[in-house]
Amino acid sequence: GGFGHRKDGLVAGIEAAAKKTAADIRHARTLAMTTGANHGLSFTSGAAYFIYNTSLANVILDPLTRQTFSEDFSEFENVQCNTTQQIEFDTEGRPVLGSGSIITLTNGSTTRQIQVIANTGLVEIL
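Throughout what follows, the structure given in this document is the object of discussion. (Residues numbered from 1 in each chain as written. Predicted model: local features only at pLDDT ≥ 70, side-chain atom pairs only at ≥ 80, totals over all residues. Heavy atoms only, no water.)

**Re the side chain of aspartate 90**
The criterion, for reference: By definition, any uninterrupted DSSP run of H or I lasting at least four residues is a helix, any uninterrupted run of E lasting at least two residues is a strand, and each is numbered from the N terminus. Three labels apply to residues, based on accessible area from a 1.4 Å probe with only protein chains included: buried if under 20% of the type maximum, exposed if over 50%, partly exposed otherwise in between. The contact definition used throughout considers only heavy atoms, calling two residues in contact when any of these lie within 4.5 Å.
Within the fold, aspartate 90 resides in the loop between β5 (85-89) and β6 (95-97). Classification of aspartate 90 by relative accessible area gives buried; the value is 13%. With near-sequence residues (within four places) excluded, aspartate 90 lies in contact with Ala32, Met33, Asn38 and Val96.

This is the structure in structure tokens:
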């Protein structure tokens, strides 16, 4: 029925949002290692996140859209971030801010958490 299909859509949406968030954290880490400048992400609970170069004031451009690199989860049904957190990587890919932190995404019925592993900076969906 329609309800079951909608529920599947919600689960698919939060899975996709978690994968994109994890990929974007990894992208910031890769940028830090390849450009020789610290890069990070700023998450705001209930809103969005963006990727920055060196300082919060310097939001990077998305190479695909040429717009500021940010995600507000509007394309994912009901998904929002429940964490306010700054994560920043040094040029070795290690987290210098937000080490070990967990970013929580929810859509009201399902929750996904993304963790930045302390010291290594590796990213995993829990």
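Next comes the rest of the account.
**Looking at the sheet that holds strand β7 (residues 102-106)**
For clarity, the cut-off: Between any two strands, at least two bridges found by DSSP are needed for them to pair.
Taken together, the four strands give an open sheet; going across it, the order is β4-β7-β8-β9, and neighbouring strands pair in antiparallel fashion. Looking at the sheet topology across the chains shown, the edges are occupied by β4 (80-81) and β9 (123-125). Here β4 pairs with β7 via two bridges, running antiparallel. Bridge pairing in β7 places cysteine 81 opposite leucine 105.

**What to know about the pairing of β5**
Inspection of the sheet shows strand β1 (residues 39-43) paired to β5 by five bridges, in the antiparallel sense. Across the sheet, histidine 39 pairs through a bridge with phenylalanine 89, a residue of β5. Direction of pairing for β5 relative to β6: antiparallel, over a ladder of two bridges. Within β6, the residue paired with phenylalanine 89 across the bridge is proline 95. In sequence, β5 turns back onto β6 through a hairpin of five residues, with glycine 93 there showing a positive phi of about 85°.

**A few points about the sheet that holds β1**
Across a sheet, paired strands are connected by hydrogen bonds in the backbone, their directions being either parallel or antiparallel. The sheet built from five strands is open, its strands ordered β3-β2-β1-β5-β6 with antiparallel pairing. The sheet terminates laterally at β3 (70-71) and β6, the two strands that pair on one side only.

**Remarks on the environment of glutamate 88**
What counts, and what does not: N or O atoms closer than or at 3.5 Å make up a polar contact, with two conditions inside protein: a donor-capable atom paired with an acceptor-capable one, and, for residues adjacent in sequence, both atoms drawn from side chains.
Residue placement: glutamate 88 occurs in strand β5. Distance from glutamate 88 to phenylalanine 73, taken between C-alpha atoms, is 21 Å for residues 15 residues apart in sequence. What glutamate 88 contacts, discounting residues up to four positions off in sequence, is Asn38, His39, Gly40, Tyr52, Thr54, Arg94, Pro95, Val96 and Leu97. Within the structure, glutamate 88 has its side chain in polar contact with the side chain of tyrosine 52 (distance 2.6 Å).

In short, shape yes, function no, at least from these values alone.
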